[in-house]
Amino acid sequence: MMVETHSPEETVALGRRLGALLGAGDVVGLVGDLGAGKTQFTKGIALGLGVPDARIVTSPTFVLMNAYDGRVPLRHYDLYRVEAVDLESLSFFDLRASGATVIEWAEKAGDALGDRLEVRFEVTGETTRRITFKATGVRPEAIMKSLVISH
Ligand code: ADP
Ligand code: MG
């Protein structure tokens, strides 16, 4: 599945539709350069998960993980500054089942993330982004199909 957004607001709206579909145990990996829109999209996911203070979602670049209370807890990782990614020490496996997980720079973790919906962001213009979804696993496939239908 591939879409193009034409503003940050459109990217947030797309993230919001995805967030509305997420539940505990779901993992979303975000891939794309700095400024591609990963954090904007995560803001949308937080809104879709009913996080009341979703506007304050920022890249957890220095703390590695931010948690927000939504319909289910949202854990937001950013692996940009992580040299050797050790998901165990980030509590990824301990926390995964009890909430929805979003990971920026997910390619650094690779297949260790397990079943996931991968979202790739490409800068196609000053305010345009090409956003491509790839599902690994049965549940991520179902989420992706629902996302297409809910459009
Ligand atoms: P990342 O987390 O991938 O580094 P951010 O989401 O923090 O990127 O920043 C994306 C930047 O690009 C923001 O400044 C945003 O305003 C801008 N932008 C412009 N057009 C878009 C778009 N279509 N979607 C998302 N962000 C956009
Ligand atoms: Mg970011």
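Here, the structure is the one placed above.
Quick summary incoming for the structure in this document. In this text the structure is predicted, and so the values were computed from the model without any measurement.

Of all residues adjacent to ligand 1, which total 16 residues, the nearest are T11, G35, K38, T39 and Q40. Between ligand 1 and T11 there is a distance of 2.6 Å, counted from a nitrogen atom to a side-chain nitrogen or oxygen. The contact in question runs from an oxygen atom of ligand 1 to an N or O atom on the backbone of G35, over 2.7 Å. Coverage of ligand 1 by the protein chains reaches 77% of its 570 Å² of free accessible surface. Mapped onto the shell around ligand 1, the elements with two or more residues apiece are α1 (8-21) and α2 (38-48). Per-element accounting of the shell around ligand 1 gives the leading share, 3 residues, to α2. Class assignment of the residues belonging to the shell around ligand 1 gives a composition of 3 nonpolar, 8 polar and 5 charged.

The subject of this paragraph is the nonpolar core. Where a protein is soluble and globular, its nonpolar side chains tend to be buried together. Formed by 27 residues in total, the largest nonpolar core has its most connected members in L18, F41, I45, V119 and F133. Put simply, the parts of the chain that give this core at least two residues each are α1, β2 (27-31), α2, β5 (100-104), β6 (116-123), β7 (129-136) and α4 (138-149). With 13 residues, the next largest nonpolar core counts V82, L90, I103 and L113 among its residues.

Reading the values: the criteria
Residues numbered from 1 in each chain as written. Chains lettered and ligands numbered in written order. Predicted model: local features only at pLDDT ≥ 70, side-chain atom pairs only at ≥ 80, totals over all residues. Heavy atoms only, no water. Near = heavy atom within 4 Å. Polar contact = N/O pair within 3.5 Å; in protein donor to acceptor, adjacent residues only side chain to side chain. Areas by Shrake-Rupley, 256 points an atom, 1.4 Å probe, with all protein chains shown as cover. Helix = DSSP H or I, 4+ residues; strand = E, 2+ residues; numbered from the N terminus. Nonpolar A, V, L, I, M, F, W, Y, C, P; charged D, E, K, R; others polar. Core = buried A, V, L, I, M, F, W, Y, C linked by side-chain atoms within 4.5 Å. Buried < 20%, exposed > 50% of the residue type's maximum accessible area, 1.4 Å probe, protein only.

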